[in-house]
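Structural features, examined
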Amino acid sequence: MQLFMQQLVNGVVLGATYGLVALGYTMVYGIVQLINFAHGEIFMLGGFGALFTYTVLLPSGTPVVLALILMLLGGMAVSVTAAVIMERFAYRPLRGAPRLAPLITALGVSIFLQELVRNFYPAKSPRPFPQLIPPDYLINLGGGVTINAPKLVTVIAAVVGMVALSTFVRSSRTGRAMQATAQDPDTARLMGIDTDRIIVTAFVLGASLAAVSGLSNGLQFGTVDPRMGALTGVKAFTAAVLGGIGNISGAVLGGFLLGIVEVMATQYAPSPLSGGAWANAWGFVVLILVLVFRPNGLLGERVAARA
Amino acid sequence: MHSSRIVRIGAPLIIVGALALSSCSSKSEGSGGGNKTLTIGVVAPLSGDLSAVGNGIKNGVDLAIKQANAAKTVKGVTLVLDAQDDTAKADVGATVAAKLVAESSVVGVVGPLNSSVAKSVAPVMASANLAIISPSNSGVDLTGRGALATGATQTRPYKSYFRVCATDDIQGPFAADYAVKDLKVKKVAIVHDKKAYGQGLAEAFAKQAAADGATVLKTETINPGDKDFSALVTKLKSESPDFLFYGGEYPEASLITKQMKSAGLNIPLMGGDGVDAADYIKIAGAQANGDYATALGAPTDKLASAAQFLTDYKAQNYKDPADPYGAAAYDSANAIIKALAKAYGEGKTGQALRDEITKEVGDSNFQGATGAISFDQFGDTNNKVLTVYKVTKGAFVPVKTDSFK
Amino acid sequence: MSRDLSPKSLLGVAGAVATAVACFLPWSLYAGFPGKMLNTGFPGGARMYVLLLALAAGAVLLLDPPGRVRGLRAASVWALVISLLTALLIGYAGGGLGNVAAGAWIAVAGSAALTASAYLLDASSDRDRRVWSLPDADWRMPAEIVITLAMAGLALYVFVVGLGIPTSNVASGPDHTFRDAISLNDVTNGSEFLAFLFGIIGLFLVAGRIGLTASLGAITQRRRPALVTGATLAAIAFPFTQDGSPYALRIAASIGVFAAAAVGLNVVVGLAGLLDLGYIAFFGVGAYFAAIYSGSTTSPIHVHLPFFLVIVLGALVAAVFGFVLGAPTLRLRGDYLAIVTLGFGEIFRISVNNLDGQSGPSLTNGPNGISNIPDLGLPGGFSFGDNHHLFGVPLPFQANYFFLEIVLVAAVMVAFLRLSDSRIGRAWVAIREDELAAAATGINTTRLKLLAFGLGATLAGAAGTVDAHVVKVAAPDSFTFIESTLLLAAVILGGMGTVPGALLGASVVYLLPEQLRFLHDLRLLVFGLVLILMMRLRPEGLVPSKRRQREFRERDDKSGALDPPPGAHA
């Protein structure tokens, strides 16, 4: 039982990162029906932005809390800038183009950003990330089940991010405009909503959350690398679909579910289909099963098929 | 409006050109003297995840060529490098291999990094009897060693393929003997990354460790590229091993050891030459202390040629480090250069030159940066000296050097 | 046709003449620069492309076709980019601008004058493009056939030239590096290819802007038998170019496999409109099937089936996978289907990586892959692994596989064309455009979608079986998510739903990274950039289907100036 609970905690932690990144996919998809494959790279840029802030901009001896806040802001600045540029120059000109054209653009942006960081980020590989929150500080959750401090931060960030985002979308003026744009962009425009601005806002919000995740990922593992976004991106997209793409709570729920499935598969899947080498396959099997029974994901609404 | 976009594409290139012009004013014309130009090829991943390792191989060859040209090792010949990017994929490897074979000036090839790529490269090389020496392929099949485990006779599959590195079936058992006999570990956990190198090494280790009398737990696998290994660590912790052998490369190994020790499972991690990299310690930090790695050859400080190589490598200011296979690539290139010097001295050209070089490489016998370089009749190195390193105070320190029997 | 003899135009004419003349003068005093820049007389290397662009610019200026100024802009800007870049690189490689000969400077000045003239002229005075056609005379049909055959020859010529340009080891300047990633030597080595690339882009844009592309397209469409004949002849002629280089044949064979798979994917994506992100898995099923049952020593199953049977069975097994995956999932909405196919692709890769007797049943030899796949043979002792003579010309063994590829591509193309012209094909297009409406007209959408999925998988499986024999290895690394997306890129870049589009897209997606090798570490960076730019410049693909093109034009008429007007082919 202790083992099971510990693995459950591990799964929730793993899922928290997926969930935070999935929020960005879900926001953008909900509004412009675009699978932004480059969103994983925005997450990666957040991690690198935070690292750059720490190693280059901050004087040594900055108090930890201040350093963390500044790193977060630095990471967000990089992520948001990249997302806005990407939206403006790669995606916006393609609105109204054949549906699949932006998909290839997204692929191009993804390759470009990865290679840009790999070739031009000043520090050589690997890039050790400062462990400002000590990973060997274990918090006992009872019954011998533990979680270390950076992991706890990751989980808290995911939950706070989800709650803040859904409150924003539900209650704020901009948020309601976003809902309107998602439901019917043409009508929204007729109602005086600046849909271009709303779309940029969706990219900005998604990028900010990705930056939070990039920072917490760096703190948790003590390293960042240009490829981290590609792997996490696919998982996060999976999580978003699992939860019902376009649905904010669904994205985080999907993330947790995917994380738990992968961890449990590592521990409990029947041999020889156990172990890390099969874990991702189990994640996708669960995805396919969920979609067969709930074609719009766990929390997705049954909307009439768009043409 | 469209054209301004075009200018935007062209502009960076023009700026590059302008920058270079402003920075260089004089240049010596190099290709005088009526020298014949011959080429040594490199097949390695030069872009993507493994590019740092691939570039280390390329640089090792580049250094050997520069030294040979400076010392005029091959009379009347200027050597040049033709490095081809295999992107660590078998099909791309076959393509660039065909490219090198088609280029008549290519007299030998160093590479590739991955055994899986070698399996598509080696047949193409063999079809033209063009010598290829790998600094890193550890898969047993490439020289037919796989047959040995089943008691069958070893036959050489690719007649022009050589390698200067230890195979899995040597490195794994060597590490296992050290762990079980010297460190006296009792209960060993085995983890690998389910890639050809990691799995081959881990299986060879597990077999020997069991034969030596240790309890070997069921092999665990990870997914390369992952960062969160807490599920694995929790599972291992519940089985309470006293030693972990990891088959794979340093990026994952460093994270595993760190997460394992943070979670309170304080056992040493041991890996092969894929873990023997300075970056392992950089990522894992203090938690790397007490871990082990094996590597081919005697430690660098005991080998003058190795220390000289590192000094020379540093002097070239390459972007990527020589670790882990730069020295072996340097030796591979030198084996080709020495063979070329002999064959070319005999006045051979064309296919006869390639044939003769392949033959001469097989007869290599010299002291390289990784130790004595010579090959058996199957293309494997005769150098069976291996060293165990232990991470002590943030550095790999040799603890045992021995010849594997 | 009124001749425009304003000073602005005359400046352009002078620029074009100066540029063209300069191309016959030496550009370099330094011998090591690629492209034979030393000689006087008929140009080679970069000078060739500048000359072509200058001639195109002059012709456009004087003949006054529709889209005159915009066409002139394309020609002049690219001529300027190539000549300036080449001049600067010669200066760099030779060790100072003193090595740049007068010819290069005249070309730079001439193309600068041309560019100035192009931008001084008013583009809004351009007449709309229209499709030209030959006068309705007795010689019209033979002339059109000759033109069509010439187009096939031109395509072969461009392909051969592009592939044949060396991009490594030509120049050896000082080792300056630009931010560690690339040295200027590399750019120098690649300069001839860059000139080629920019030249082709420039000429392509000019042809598009003055309506030449649309006109030629209309002619080749009318003369389909001639087009097929020309394409076949060009394909057969290819091994005799390049001195029968094994490398060129190997690349061409790989492009063939890639193109066959892209045409197959075009059934799924282009015709039926189903987004498949795991298509490479079906290709992998075929490849692994061939690898396992072709007598490889590393295969755990020691059965050696004849090649013909392997193709058929491999394709069938892939089809079964397609139907099994498709049946439960095809009722999903577009992007949900995309993630399911992505997941399936990953499950396939993970499975073949694990089925080695250690972490699964022994079937695929795990991460080592199945290697040593023996060469194919034909009855009568013909081995694909031997070098043969054809028409007295020695050809390397790669040529055998190249011809096999041609047969494969032809078969897949025929299958695609038959399908797209059939009742089923029209039903697919109806589903793609509006599934609800299609269902309302009585089309059984689920069954037809499943059929598209299954047939696409079949074609991929067949291509995979051939690929295993060409590469001689089937390993898990070859079937990753990125391969699926590159196939998709080939289809979309080329133009969805058309065969020439898929062929062209496959060539670009495969060949461009190959010839950009001189960029080393920056290769993929530039490739990513090219994908973004190409989708921005031609969102409907290089060879869009007529229908789709019309649709897209209606929506966005402003940027349509780049392309033939609506109804160009009518």
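One can find the structure itself at the top, above this paragraph.
1. Digging into the nonpolar core
Within soluble globular proteins, side chains that are nonpolar tend to cluster in buried spots. By size, the foremost hydrophobic cluster in this structure holds 268 residues, and its most contacted members are Phe37 of chain A together with Phe238, Leu277 and Leu488 of chain C. Ranked by residues supplied to this core, first place goes to helix α9 (residues 246-271) of chain C with 19 residues. Residue assignment places this core across two domains, with domain 1 (7-132 + 165-171 + 188-209) and domain 2 (244-371 + 395-498) of chain C each supplying three or more. Among residues more than four places away in sequence, those in contact with leucine 488 of chain C are Leu103 and Ile104 of chain A together with Leu265, Val269, Leu275, Asp276 and Leu277 of chain C. In this structure, Ile65, Phe309, Ala329 and Ala369 of chain B belong to the second largest nonpolar core, which totals 47 residues.

2. Overview of a nonpolar patch on the surface
Taken together, the side chains of Val65, Leu66, Ile69, Leu70 and Leu73 of chain A define a hydrophobic patch exposed on the protein surface, amounting to about 440 Å² of accessible area. Positionally, leucine 73 of chain A belongs in helix α3 (residues 64-91).

3. Some details on the interface of chain B and chain A
Every contact between the two is made by 29 residues of chain B and, on the other side, 37 residues of chain A. Both sides of the chain B and chain A interface together cover about 2500 Å² of buried area, and 52% of this is carbon and sulfur. Considering only the surface of chain B that becomes buried against chain A, Lys227, Asp228 and Lys235 of chain B emerge as the three largest contributors, covering 22% of it. Between lysine 227 of chain B and aspartate 225 of chain A there is a salt bridge; the shortest N-O distance is 3.2 Å. Summed over the shared surface of chain B and chain A, the result is 9 residue pairs in polar contact (both at pLDDT 80 or more). Put simply, the parts of the chain that give the side of chain B that touches chain A at least two residues each are β8 (220-221), α8 (230-239), α9 (250-262) and α10 (278-284) of chain B. Looking at the side of chain B that touches chain A, the element that brings in the most residues is α8 of chain B, giving 6 residues. Class assignment for the residues of the side of chain B that touches chain A results in 5 nonpolar, 12 polar and 12 charged.

4. Focus: the environment of alanine 410 of chain C
Residues and elements named next belong to chain C. Checked against the element boundaries, alanine 410 lands in helix α13 (residues 398-420). Residue classification places alanine 410 among the partly exposed positions, given a relative accessible area of 36%. For the pair alanine 410 and leucine 390, spaced 20 residues apart in the sequence, the C-alpha separation amounts to 21 Å.

5. Here's the deal with the side chain of serine 116 of chain B
Inspection of the secondary structure assignment puts serine 116 of chain B in helix α4 (residues 115-127). Given the relative accessible area of 10%, serine 116 of chain B is considered buried.

6. Notes on the interface of chain A and chain C
In this assembly, 50 residues from chain A lie in contact with 50 residues from chain C. Of the roughly 4500 Å² buried at the junction of chain A and chain C (both faces included), carbon and sulfur atoms supply 74%. The largest share of the area that chain A buries against chain C comes from Ile104, Phe120 and Trp278 of chain A, three residues that together contribute 13% of it. Linking chain A with chain C are 0 salt bridges.

7. A short note on the environment of aspartate 323 of chain B
Residue and element names in this part refer to chain B. One can find aspartate 323 in the loop between α11 (304-315) and α12 (326-345). Relative accessible area serves as the criterion here: at 39%, aspartate 323 is assigned to the partly exposed category. Taking C-alpha positions, aspartate 323 is 23 Å from valine 121, a pair spaced 202 residues apart along the chain. Aspartate 323 has contacts with Ala277 and Ala278, leaving out every residue within four places of it along the chain.

8. Remarks on the sheet that holds strand β4 (residues 132-134) of chain B
All names here are of chain B. With parallel pairing, 5 strands are arranged side by side in an open sheet as β2-β1-β3-β4-β5. Either end of the sheet is taken by a strand with one partner, and the two such strands are β2 (77-85) and β5 (161-163). Averaged over all pairs of adjacent strands, the angle between strand axes in this sheet comes to 25 degrees, irrespective of strand direction. Here 3 bridges tie β4 to β5, and the two strands are oriented parallel to one another. In the sheet register, isoleucine 132 faces β5, and the bridge partner there is tyrosine 161. Contacting β1 (36-44), β2 and β3 (106-110), helix α2 (residues 51-71) runs over the sheet at an angle of about 175 degrees to β2.

9. Description of the pattern of salt bridges
Residues and elements named next belong to chain A. Enumeration over the complete set of coordinates arrives at 34 salt bridges over all chains. A salt bridge links glutamate 262 to lysine 235; its shortest N-O distance comes to 3.4 Å. Taken together, the residues glutamate 262 in helix α10 (residues 248-268) and lysine 235 in helix α9 (residues 228-243) connect sequence positions 27 residues apart. Given a relative accessible area of 5%, glutamate 262 falls into the buried group.

10. Overview of the packing of helix α1 (residues 2-32) of chain A against helix α6 (residues 173-183) of chain A
Residues and elements named next belong to chain A. Direction vectors running N to C along α1 and α6 enclose 55 degrees, while the axes themselves pass 6 Å from each other. With respect to α6, the axis of α1 lies oblique. Within the contact between the two elements, α1 uses Met27, Gly30 and Ile31 and α6 uses Met178, Thr181 and Ala182. When its residues are assigned to classes, the contact of α1 with α6 shows 4 nonpolar, 2 polar and no charged.

11. Here we look at the pairing of β3 of chain B
All names here are of chain B. When you tally the buried positions in β3, you get 5 out of 5 residues, the bulk of the element. Sheet topology places β1 next to β3; 4 bridges connect them, and they run parallel. Bridge pairing in β3 places threonine 39 opposite valine 106.

12. Comments concerning the packing of aromatic side chains
Applying the stated criterion across every chain yields a total of 33 aromatic pairs over all chains. Ring centres of phenylalanine 193 of chain C and phenylalanine 196 of chain C lie 5.8 Å apart, and the angle between their planes is 35 degrees; this geometry places the pair in the tilted category. Of this pair, phenylalanine 193 of chain C and phenylalanine 196 of chain C both sit in helix α6 (residues 184-209), 3 residues apart, which is roughly one turn of that helix. When the centroid spacing of 6.0 Å and the interplanar angle of 85 degrees are considered together, the rings of phenylalanine 282 of chain C and phenylalanine 453 of chain C count as edge-to-face. Of this pair, phenylalanine 282 of chain C sits in helix α10 (residues 280-292) while phenylalanine 453 of chain C sits in helix α16 (residues 445-471); the two residues are 171 residues apart in sequence, bridging distant segments of the chain. Grouping residues by exposure puts phenylalanine 282 of chain C and phenylalanine 453 of chain C together as buried. The ring of phenylalanine 89 of chain A carries the charged tip of arginine 88 of chain A above its face, separated from the ring centre by 5.5 Å. Just above the ring of phenylalanine 162 of chain B sits the side chain of arginine 156 of chain B; from NZ or CZ to the centre is 4.7 Å.

13. Description of helix α7 (residues 196-211) of chain B
Residue and element names in this part refer to chain B. The end-to-end C-alpha separation of α7 is 23 Å, in line with the 22 Å expected for 16 residues at 1.5 Å each. Turning to α7, its buried residues number three or more, namely Ala196, Tyr197, Gly198, Gln199, Leu201, Ala202, Ala204, Phe205, Ala206 and Ala209. Following α7 by one or two positions, glycine 213 adopts a phi angle in the positive range, close to 105 degrees.

Cut-offs and rules
All residue numbers refer to positions counted from 1 along the written sequence of the respective chain. Following the order in which they are written, the chains are lettered starting with A and the ligands numbered starting with 1. Predicted model: local features are reported for residues with pLDDT of at least 70 only, side-chain atom pairs are reported and counted for 80 or more only, and whole-chain, interface and lining totals are derived from all residues. Side-chain metrics rest on all non-hydrogen atoms present in the structure, leaving aside hydrogens and water. Side-chain atoms within 4.5 Å are what join buried Ala, Val, Leu, Ile, Met, Phe, Trp, Tyr and Cys residues into a set we call a nonpolar core. Residue exposure (1.4 Å probe, protein chains only): buried if accessible area is under 20% of the type maximum, exposed if over 50%, otherwise partly exposed. Only DSSP runs of H or I reaching four residues or more are called helices, and only runs of E reaching two or more are called strands; each is numbered from the N terminus. Domain start and stop points were drawn from an automatic or database domain assignment. Any pair of residues with heavy atoms lying within 4.5 Å of one another is described as a contacting pair. The residues that make up patches have over 30% relative accessible area and no salt bridge, and they are joined within 9 Å when like-charged or within 5 Å when they are Val, Leu, Ile, Met, Phe, Trp or Tyr. Per-residue and other accessible areas follow the Shrake-Rupley method at a 1.4 Å probe size, with only the shown protein chains counted as cover for residues. Throughout this description, the term salt bridge denotes a Lys or Arg side-chain nitrogen within 4 Å of a carboxyl oxygen of Asp or Glu. Accessible area, probed at 1.4 Å, shrinks when two parts are joined; the buried area is that loss added up over both. Definition of a polar contact: a pair of N or O atoms within 3.5 Å, with one able to donate and the other able to accept a hydrogen when the atoms are protein atoms, and with sequence-neighbouring residues admitted only if both atoms are side-chain atoms. Each residue is assigned to one class: nonpolar for Ala, Val, Leu, Ile, Met, Phe, Trp, Tyr, Cys and Pro, charged for Asp, Glu, Lys and Arg, and polar for all the others, Gly among them. Only strands that DSSP links by at least two bridges are regarded as paired with each other. Axis angles are defined between N-to-C directions and span 0 to 180 degrees, where every axis is a line fitted to C-alpha atoms and, for a helix, only to the segment in contact. Note on angle classes: values under 35 degrees are labelled roughly parallel, values over 145 roughly antiparallel, values of 65 to 115 roughly perpendicular, and the remainder oblique. Note on aromatic contacts: the rings of Phe and Tyr and the six-membered ring of Trp form a pair at centre separations within 6.5 Å, being stacked when their planes are under 30 degrees apart, edge-to-face when over 60 apart, and tilted otherwise. Either the NZ atom of lysine or the CZ atom of arginine qualifies as a charge over a ring when it sits within 6 Å of the ring centre and within 35 degrees of the ring normal. An expected span of 1.5 Å times one less than the residue number is assigned to each helix.

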